[in-house]
Number of protein chains: 2
Amino acid sequence: MAGKTMERPDGPEVKLDELLCFGIYAAGHAFNRVYKQLLDDLNVTYPQYLVMVLLWERDDQTVGELGSRLFLESNTLTPLLKRLEALGYIARRRDPSDERQVRISLTEAGAALRAKAATVPACIQAASGLTAAQARQLLSGVTALRAALDSYEPE
Amino acid sequence: MAGKTMERPDGPEVKLDELLCFGIYAAGHAFNRVYKQLLDDLNVTYPQYLVMVLLWERDDQTVGELGSRLFLESNTLTPLLKRLEALGYIARRRDPSDERQVRISLTEAGAALRAKAATVPACIQAASGLTAAQARQLLSGVTALRAALDSYEPE
DNA sequence: TGCGATTAGATCGTGTGCGATATAAATTGG
DNA sequence: CCAATTTATATCGCACACGATCTAATCGCA
């Protein structure tokens with residue numbers, strides 16, 4: 001018998017610091033704050049940087065393609081992309097073969113930004129305090145977690 | 001020689017799916033989406049839920065105490081707390097012994113909410129697809145990461 | 001062929017996060 | 001004891017996220 005004896009005013013005793021969700025949430029903010037310092041030079045925010053990373057990987061993608069990689073919808077991406085366009089880093093134009101789609105492509109300034117951003121990954125790695133192997137392992141854990149959460153449907 | 005031969009248009013070849021920051025970022029959003037379904041019944045958002053968790057841990061804390069636990073400042077917390085107050089879950093009043101501080105306490109409805117939220121942790125655990133041990137291990141990794149990022153200052 | 005259904009983006013409203021700044025209360029050093 | 005500084009919170013502006021809804025273009029199929 002025994003085990004956890006009555007200490008249950010109402011629900012299970014949830015402790016903030018034992019919640020994985022909070023660890024992820026707080027780590028996300030911490031990353032954002034470090035990135036902000038590094039990205040201020042480039043005049044882009046962290047989500048904008050992620051879009052640029054995708055375009056540096058492969059130029060000329062639709063809003064939907066970018067969204068499926070980032071797990072974001074057009075309601076988030078459209079304004080963000082308009083800001084990148086206003087900054088002169090990308091161009092947005094309707095695909096002539098399917099006018100529903102908007103294709104995003106790098107401008108010259110957007111392509112050139114890649115060089116200026118070249119030092120960012122090393123700074124982030126240093127700030128993370130992790131070896132490449134540790135980072136890979138943690139990434140594999142959070143990626144599996146994300147996949148499980150994404151596929152969760154209550155019944 | 002060789003090794004990585006020239007494949008360097010400009011910077012290091014950053015791939016979105018190899019970025020730990022992005023894994024964390026996306027996992028955070030995924031958590032948020034799962035929580036949203038569970039918390040809609042309670043009429044609170046995920047950050048509001050975190051505040052409630054802290055108050056269920058210990059009632060009557062100042063804005064600053066809550067902020068230091070959540071790594072948030074008053075510019076984020078003040079409006080959030082006002083919404084919780086408008087919902088009737090908390091009360092905000094100035095500390096008579098130091099009028100600069102605002103003490104946050106649970107109302108009866110706020111204390112009662114704990115029972116309604118009792119099923120949330122188990123749902124989240126199920127959605128995460130992780131055993132308790134796996135979750136603990138991942139949490140320890142992201143917590144160390146957050147600590148490293150928090151202490152990073154590019155001189 | 002034509003019309004209803006689907007698809008791709010855009011728009012709107014709400015709620016965070018956070019930098020910058022404001023305000024008011026407490027503390028401190030001369 | 002009081003002016004200068006520090007501390008606690010609030011306010012403002014901007015940029016995400018995301019649910020809900022809208023519009024326009026394409027598709028499916030009778």
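Reading the values: rules and limits
- Going along each chain's sequence as written, the residues are numbered from 1 onward.
- Written order determines the labels here, with chains lettered from A and ligands numbered from 1.
- Predicted model: local features are reported for residues with pLDDT of at least 70 only, side-chain atom pairs are reported and counted for 80 or more only, and whole-chain, interface and lining totals are derived from all residues.
- Side-chain measures were taken over the full set of non-hydrogen atoms in the model, leaving aside hydrogen atoms and water.
- Helix and strand assignments follow DSSP, with helices taken as H or I runs no shorter than four residues and strands as E runs no shorter than two, numbered in order from the N terminus.
- Note that the radius of gyration is over C-alpha atoms, with the globule rule given as 2.2 Å times the number of residues to the power 0.38.
- A simple rule labels every residue: compare its accessible area, found with a 1.4 Å probe on the protein chains alone, to the largest value its type can have, and call it buried under 20%, exposed over 50%, or partly exposed in between.
- Residues are treated as being in contact if the distance between any of their heavy atoms lies within 4.5 Å.
- Fitting of the copies onto one another was done by least squares over C-alpha atoms, counting residues only where both copies have pLDDT of at least 70.
- Throughout, the term near means that a residue has one or more heavy atoms lying within 4 Å of the molecule or strand in question.
- For this analysis, a polar contact is any N or O atom pair within 3.5 Å, provided that within protein one partner can donate a hydrogen and the other can accept it, and provided that sequence-adjacent residues contribute only side-chain to side-chain pairs.
- All amino acids are sorted into three groups, where Ala, Val, Leu, Ile, Met, Phe, Trp, Tyr, Cys and Pro are nonpolar, Asp, Glu, Lys and Arg are charged, and the leftover types, Gly among them, are polar.
- Residue types Ala, Val, Leu, Ile, Met, Phe, Trp, Tyr and Cys, when buried and joined through side-chain atoms within 4.5 Å, form a set referred to as a nonpolar core.
- Aromatic rings from Phe, Tyr and Trp, with only the six-membered ring used for Trp, were paired whenever their centres fell within 6.5 Å, and each pair was classed as stacked if the ring planes differed by under 30 degrees, edge-to-face if by over 60, and tilted otherwise.
- The arc under discussion is defined with respect to the helix axis, by the directions toward the C-beta atoms.

A.B. asks: Kindly report on the overall build of chain A, identifying the contributing residues and their values.
C.D. replies: Looking only at helices and strands, chain A features seven helices and three strands. When the helices and strands of chain A are placed in sequence order, the string is α-α-β-α-α-β-β-α-α-α. Its C-alpha atoms give chain A a radius of gyration of 20 Å, more than 25% over the compact-globule value 15 Å for 155 residues. The buried share of chain A, reckoned over its 155 residues, is 45%. Long-range pairs, those at least 24 residues apart, make up 51% of the contacts in chain A between residues at least 6 apart in sequence.

A.B. asks: Account for the relation of the copies chain A and chain B, naming residues and giving values.
C.D. replies: Two chain copies, one operation linking them: a rotation about an axis together with a shift along it. With an RMSD of 0.0 Å, chain A superimposes on chain B once it is rotated by 180 degrees and translated 0.0 Å along the axis. The superposition of one copy onto the other is thereby described by a two-fold rotation axis. In terms of C-alpha distance to the rotation axis, chain A has A:Ile24 as its closest residue, with the C-alpha 3.1 Å off the axis. An overlap of 100% is found between the interface residues of chain A and their copies at the interface of chain B, pointing to a shared contact surface.

A.B. asks: Residues and numbers for the protein's contact with DNA strand D, please.
C.D. replies: Taken together, 27 residues sit near DNA strand D, with A:Thr45, B:Tyr25, B:Thr78, B:Lys82 and B:Arg92 positioned nearest. Here a phosphate oxygen of DNA strand D sits 2.7 Å away from a polar atom, N or O, in the side chain of A:Arg83. Those elements that provide at least two residues to the surface near DNA strand D are α2 (46-57), α4 (74-87) and β3 (98-106) of chain A together with α1 (20-39), α3 (63-70), α4 (74-87), β2 (90-95) and β3 (98-106) of chain B. Split by residue class, the surface near DNA strand D holds six nonpolar, 11 polar and 10 charged.

A.B. asks: Tell me about the environment of B:Ser74, residues and numbers included.
C.D. replies: Residue and element names in this part refer to chain B. Of note, Ser-74 is situated in helix α4. Note on Ser-74: relative accessible area 45%, which makes it partly exposed. Residues contacting Ser-74, with those up to four places away along its chain left out, are Val-63 and Pro-79.

A.B. asks: So what's going on with the nonpolar core? Residues and values would help.
C.D. replies: Counting 106 residues, the largest nonpolar core has A:Leu20, A:Tyr49, A:Leu81, B:Leu20, B:Tyr49 and B:Leu81 as its most contacted members. Ignoring any residue separated from it by four or fewer positions in sequence, one finds A:Leu81 in contact with A:Val51, A:Val63, A:Leu66, A:Ile90, A:Arg92 and A:Ile104.

A.B. asks: Account for the packing of aromatic side chains, naming residues and giving values.
C.D. replies: Using the criterion set out here, one finds 14 aromatic pairs over all chains in the structure. On the numbers, 6.2 Å between centres and 15 degrees between planes, the contact of A:Phe22 with B:Phe71 is stacked. Remark: B:Phe71 occurs in the loop between α3 and α4 and A:Phe22 occurs in helix α1 (residues 20-40); the pair is interchain, linking two chains. Since its relative accessible area comes to 4%, A:Phe22 is described here as buried. Under the relative-accessibility criterion, B:Phe71 is labelled partly exposed at 28%. Here the aromatic residues A:Phe22, A:Tyr25, B:Phe31, B:Tyr35, B:Tyr46, B:Tyr49, B:Trp56 and B:Phe71 are joined through ring pairs into a cluster of three or more.

A.B. asks: How would you explain helix α6 (residues 120-128) of chain B if you had to name every residue and give the values?
C.D. replies: Within α6(B), the full set of buried residues consists of B:Val120, B:Ile124, B:Ala127 and B:Ser128. Projection of α6(B) onto a plane perpendicular to its axis shows the buried side chains occupying an angular sector of 100 degrees, all on one side. Exposed positions of α6(B) whose direction lies more than 90 degrees from the buried face are B:Ala122 and B:Ala126. Those residues of α6(B) that are buried lie in contact with α7 (132-150) of chain A together with α1 and α2 (46-57) of chain B. Count one or two residues on from α6(B) and you reach B:Gly129, which has phi positive near 70 degrees.

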